[in-house]
Amino acid sequence: MSDPSIDRVAKAFEERNFKQASKLLKHLNSTAPQNPWVRYYIGRLYEESRRFDTAETIYRQLLRDSPSPKLIDRARQGLQRLQEAAQQQRQQELEQLLADPKNAEPGALILEATPPERRQEFAQHLAQIFNADPYSARLMLQSRGWRLYRTGAVGELKLYVKELKGVEIPAFAASVGDVEKLELLRGVYFESLSPQPVVVCRDRHDRLGKFRFSWEEVRQQVRGGVPIFVNAVSYDISRKTEEQVKRKVETRDFAQVCDLHLPRRRCILRLCDRSYDFQQGVIFTPEQQQTLGKMRSATTRINWNGMIQAFDRFLPEIPVWSDFSQFAETAIDFNFLLEKVTPYIDIPRSEPTNWDPAFQLYSGLVFLRNFEN
């Protein structure tokens, strides 16, 4: 770097005379726009004016295109400064946020589905934000449904979401406390569907009552299957006596759950095929009518499908969220978070499972994401 004009720019930066540096660079950019040192100092000027994104773009272009080892080293130093400045700025924002106790509550950061054609681009951004390698970051991106990616103080998670949205990665964060504050009613049976639906239900405190609403209040549904487990025993006579008997937990069936979301009341009305009383209230199917008062009853699946078909008739245009299983596979190992979630799913179990609070969390997150986020 022996160009006197560039030397004057460098001296202006050493003296922190950025006004003079800007004047010199404006002239050089018109007379020698291809000079990589001109590009470097323009990047420095953007860095000093805290336009970090533009500075980073210039430094990365120099890393890719410059033949000068000295200039490459300067560009790397610039990127390092940008990273340190971003970390410092982020730490200051975080400290301000966490001063509010609400932002210190435990929460979840959710990555939403991303288009396949942008997967490589998003993986690089995700890796940069979370200091991960691009290959691992790519595996974290969902082609459909949601991934519970991170837990922690919700204020910090919302900072990450801000950074993710800045590079167009769809994500959001919410606190467990906000999920727990939603009103949750568990339907026992419908007394009527029209003209006004009336359902006998239990509240969070297990108190029995009647809930009247209008179908227009229901703005979305969440449907999913929660596994029913059984302790299975198998025998292998080819093994030694003490190894012949094997016990393992297997999935026997799935309990079907459907949540109706009523945002105006901040309420979720939950129906579950294992706890709904099809022997009372509204008749959904001819099979159910034929078996009332008899020793046997129509299968739960037939009755449940009849109820879902009724919902489809009364709620033909509202969205149905049904990607619970994809979400649960990413969430069930977050024990610390899920133990803070009350599931409100009436399924008899010999021992608790994280699948129940995972459904409660999923439904609550869908509610908050669409109506309050």
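Residues numbered from 1 in each chain as written. Predicted model: local features only at pLDDT ≥ 70, side-chain atom pairs only at ≥ 80, totals over all residues. Heavy atoms only, no water.

**Points about the nonpolar core**
Counting residues in each nonpolar core, the largest one holds 38 residues, and the members touching the most others are Trp146, Phe324, Phe327, Leu361 and Leu365. Those residues in contact with phenylalanine 327 that lie beyond four places of it in its chain are Ile110, Trp146, Leu148, Ala358, Leu361, Tyr362 and Leu365. Of all hydrophobic cores here, the second largest spans 29 residues; its members include Cys267, Tyr276, Ile308 and Ala310. (Core = buried A, V, L, I, M, F, W, Y, C linked by side-chain atoms within 4.5 Å. Buried < 20%, exposed > 50% of the residue type's maximum accessible area, 1.4 Å probe, protein only. Contact = heavy atoms within 4.5 Å.)

**Some words on the packing of aromatic side chains**
Scanning the entire structure with this criterion turns up 24 aromatic pairs. Measuring from centroid to centroid gives 5.0 Å for phenylalanine 324 and phenylalanine 359, while their planes differ by 70 degrees, and the two rings are edge-to-face. Linking phenylalanine 324 in helix 12 (residues 324-331) with phenylalanine 359 in helix 14 (residues 355-371), this pair joins segments that are 35 residues apart in sequence. For the pair phenylalanine 324 and phenylalanine 359, one class covers both residues: buried. Here a set of aromatic residues connected by ring pairs shows up, and it is made of Trp146, Phe172, Trp321, Phe324, Phe327, Trp355, Phe359 and Tyr362. (Phe/Tyr/Trp six-rings, centres within 6.5 Å; stacked < 30°, edge-to-face > 60°. Helix = DSSP H or I, 4+ residues; strand = E, 2+ residues; numbered from the N terminus.)

**Overview of empty space enclosed by the protein**
Taken as a whole and assessed by the stated rule, the structure comprises 1 cavity of 30 Å³ or more. Counted as a void, the largest cavity has a volume near 40 Å³. Lining the largest cavity, in full, are Arg186, Gly187, Arg270, Leu271, Cys272, Ser275, Tyr344, Ile345 and Asp346. With 3 residues, the top contributor of residues to the lining of the largest cavity is strand 9 (residues 267-272). The class makeup of the residues in the lining of the largest cavity is 4 nonpolar, 2 polar and 3 charged. (1 Å grid on protein atoms, 1.4 Å probe; cavity = no way out; pocket = protein on both sides within 12 Å on 5 of 7 lines; lining within 4 Å. Points joined across faces, edges and corners; volume = space filled by probe spheres on them. Nonpolar A, V, L, I, M, F, W, Y, C, P; charged D, E, K, R; others polar.)

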